[in-house]
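# Examination of the molecular architecture
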Amino acid sequence: MITINENYLKLQDSYLFSTIAQKVEKFTKENPNKKVMKLGVGDVTLPIAPIVGEAIKKATDDMLQKETFRGYGPEQGYDFLRQKIAQYDYETLGVTIEKDEIFVSDGSKCDTGNIGEIFGTDNVIAITDPVYPVYLDTNIMAGRTGEYNQKTAQFEKVVYLPTTLENNFIPELPSRKVDMIYLCFPNNPTGTVLSKPELEKWVTYAKKNKAIILFDGAYEAFITEEGIPHSIYEIEGAKEVAIEFRSFSKTAGFTGVRCAYTVVPKELKAYTQEGKEVCLHQLWNRRQCTKFNGVPYITQRAAEAIYSNEGQKQIKENIAYYRENAKLITQGLQKAGYTIFGGKNAPYIWLKVPKGYTSWEFFDYLLEKANVVGTPGSGFGPSGEGYFRLTAFGSKANTLEAILRIQNLK
Ligand code: PLP
């Protein structure tokens, strides 16, 4: 008899965004004349930069020629791209990352999900709450979370670190010892960031407790304020305790092109049950070589193109466009009396729902009365209840229209 991985049965029935999509579909069917403004899903709307398009065409030409055609590439990524990443994304911050510490991939979703494979299933995990759902769900699938406690509505081996208005969106160190700490800053969904001293606290904790930090910097390009770390490796000693994930998805509009990378420093260690040190770089390399055959040559050439002066200029123009949307949403909703967080260093605006509503009730209210779609905060974790996420990734016209409609509700 074929059996299943029963951990999958512990997952919540429906993924947040499919529930939203179903609700929107139903509403649109019932109200065919109403135009729905979507500020829900965190997908980009601007096309890829022209220079990226040129690189894709050129790389396609390479693939059409006998002399320049490429078959299987290195599983870890081509040197031409890894070199540029090390130089542009790290050297500029005063951080030394060797090119072979960089593993190019087809997305941070896969990397943040797959990384768990190299860690024991008995580790205790800590996740900020609310947060990008992939961290928790992939640990549930792996059987790392223990049983679900109906009373507390939490898994026994998951430590939730609330990040809410009450602690100014700064997670406190866990009271119980944890081994794997997921940090995502700028944060999805709250749009908030951690200062250097705050991040230092986590690096110190990880060192003291032989824990590892899984740092997701998918929204790093949206940081505007001085003094906010762009990489966890700006913190001294972080290379001994942290893996960093970066993605081209939001930085360069690659959500459909698919390219990201993960930095696994060579000094990073974890332990066997007997306490023997093992190099994580070797384990991840082994995992990737066994299960992954590299990102397409064409895609890696596309990513390389953003690391030219013209490439940087073009992607920054797109980011500026989304930042302007974030500003418009923030100002517009503040004017309408809402309490707003995030938006300054991230494409996400996190708002407190009006008194008397749950996150989902506010979702329904906005959809029905203003025909605007956002994301209920509770979908990102228990501490997201009472909050609501809007994204700055829409077109400017739609964003302005959505704000106006929300303002007119008041
Ligand atoms: N990490 C965070 C925090 C995200 O919000 C997202 C996408 O929304 C991702 C990773 C996924 O990135 P990618 O498109 O590279 O898979």
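Quick look at the structure, then. All values derive from a computational prediction rather than experimental measurement. Here, residues in each chain are numbered from 1, in the same order as that chain's written sequence. Given that this is a predicted model, residues contribute local features only at a pLDDT of at least 70 and side-chain atom pairs are listed and counted only at 80 or more, while totals for whole chains, interfaces and linings are drawn from all residues. Only heavy atoms go into the side-chain values, all of them from the structure, while hydrogens and water stay out.

### Considering empty space enclosed by the protein
Grid points spaced at 1 Å over the protein atoms alone were grouped into cavities, where a 1.4 Å probe fits but cannot get out, and pockets, open sets with protein on both sides within 12 Å along at least five of seven lines, with lining residues defined by an atom within 4 Å of a point. Grid points are joined across faces, edges and corners, and a volume is the space filled by probe spheres set on the points. Applying the stated criterion across every chain, the model contains three cavities of 30 Å³ or more. Quantified by volume, the largest cavity comes out at close to 40 Å³. The wall of the largest cavity is formed by L46, K250, T251, A252, G253, I315, N318, I319 and Y322. Runs of E in the DSSP output that reach at least two residues are strands. Runs of H or I that reach at least four are helices, and both are numbered from the N terminus. Elements with a contribution of two residues or more to the lining of the largest cavity: α7 (248-252) and α10 (309-335).

### Structural notes on the environment of A86
Tracing the backbone through its elements, the reader meets A86 in helix α3 (residues 79-90). Exposure classes here rest on a 1.4 Å probe applied to the protein chains alone. A residue is buried below 20% of its type maximum, exposed above 50%, and partly exposed in between. A relative accessible area of 6% places A86 in the buried class. Between the alpha carbons of A86 and E101 there is a distance of 9.0 Å; along the sequence they are 15 residues apart. Any two residues whose heavy atoms approach within 4.5 Å at even a single point are treated as in contact. Apart from residues no more than four positions distant in its own chain, A86 is found in contact with E91, I97 and I102.

### Description of the pairing of strand β10 (residues 260-263)
Here β10 shows two buried faces, one formed by A260 and T262 and the other by Y261 and V263. Summarising the sheet, strand β2 (residues 102-105) and β10 pair through four bridges and their orientation is antiparallel. By the bridge assignment for β10, V104 is matched with Y261. At least two DSSP bridges between two strands are needed for those strands to be called paired. Pairing of strand β9 (residues 242-247) with β10, which is carried by four bridges, proceeds in the antiparallel orientation. Considered in β10, the bridge of R246 is made with Y261.

### A closer look at the sheet that holds β9
With mixed pairing, seven strands are arranged side by side in an open sheet as β2-β10-β9-β8-β7-β3-β6. Each edge of the open sheet is held by one strand with a lone partner, namely β2 and β6 (158-162). Averaged over all pairs of adjacent strands, the angle between their axes in this sheet comes to 20°, without regard to strand direction. Contacts between α3 and the sheet are confined to β2, β9 and β10, with β2 contributing the most and set at about 115° to the helix. For helices, the fitted axis covers only the stretch in contact; all axes are lines through C-alpha atoms, and the angles between them, taken along N-to-C directions, range from 0 to 180 degrees.

### A closer look at the site of the ligand
What surrounds the ligand is a group of 14 residues, the closest being N188, D216, Y219, S247 and S249. Contacts to the ligand include K109, whose backbone N or O atom sits 2.9 Å from an oxygen atom. Contacts described as polar in this section are N or O atom pairs within 3.5 Å, which, within protein, must combine one atom able to donate a hydrogen with one able to accept it, while residues neighboring in sequence count only if both atoms come from side chains. The side chain of S247 places a nitrogen or oxygen atom 2.7 Å from an oxygen atom of the ligand. Computed on the free molecule, the ligand has an accessible area of 400 Å², of which 90% lies beneath the protein chains in the complex. Mapped by element, the contributors of at least two residues to the shell around the ligand are α4 (108-114) and α7. Across the shell around the ligand, the residue classes break down as five nonpolar, five polar and four charged. We call a residue near a molecule or strand whenever a single non-hydrogen atom of that residue lies within 4 Å of it. A 1.4 Å probe and the Shrake-Rupley method give the accessible areas. Residues count as covered only by the protein chains that appear here. Lys, Arg, Asp and Glu make up the charged group, whereas Ala, Val, Leu, Ile, Met, Phe, Trp, Tyr, Cys and Pro make up the nonpolar group; the residues left over, Gly among them, are polar.

### A short note on the packing of aromatic side chains
Only Phe, Tyr and Trp rings take part, Trp by its six-membered ring, and two of them pair if their centres are within 6.5 Å. Stacked means planes under 30 degrees apart, edge-to-face means over 60, and tilted covers everything else. One pass over the full model with this rule turns up 30 aromatic pairs. Seen from their ring centres, Y132 and Y135 are 5.5 Å apart, and the 75° between their planes marks the pair as edge-to-face. Looking at Y132, the relative accessible area reads 19%, which means it is buried. Ring plane angle 55° and centroid distance 6.5 Å describe the contact between Y219 and F222, whose orientation is recorded as tilted. Pair check on accessibility: Y219 and F222 agree, each one buried. Here the aromatic cluster, defined as three or more aromatic residues joined through ring pairs, consists of Y88, Y90, Y233, F248, F254, Y261 and Y307. By the criterion adopted, a ring carries a charge over it if an Arg CZ or a Lys NZ lies within 6 Å of its centre and within 35 degrees of its normal. Seen from the ring of Y271, K210 lies directly overhead, with NZ or CZ sitting 4.9 Å from the centre. K352 extends its terminal NZ or CZ atom over the ring of Y387, reaching a point 4.4 Å from the ring centre.

### Some remarks on the sheet that holds strand β13 (residues 340-342)
Strand order across the open sheet formed by four strands is β13-β14-β17-β16, with antiparallel pairing between neighbours. A strand with exactly one partner marks an edge of an open sheet, and here the two such strands are β13 and β16 (375-376). In this sheet, strand β17 (residues 387-391) lies alongside β16 in antiparallel orientation, the contact comprising two bridges. Counterpart to T375 in the pairing with β17 is R389.

### What to know about the packing of helix α2 (residues 50-64) against helix α9 (residues 297-304)
Taken N-terminus to C-terminus, the directions of α2 and α9 make an angle of 145°; their axes are 8 Å apart at the nearest point. Regarding α2 and α9, the two cross each other, and that crossing is right-handed. Taking contact as the criterion, the partners of V52, A55, I56, A59, T60, D62 and M63 in α2 are, on α9, Y297, I298, R301 and A302. A class-by-class count of the residues in the contact of α2 with α9 yields eight nonpolar, one polar and two charged. Each helix crossing is assigned a hand: it is left-handed if the near helix lies turned anticlockwise from the far helix by less than a right angle, otherwise right-handed if that turn is clockwise.

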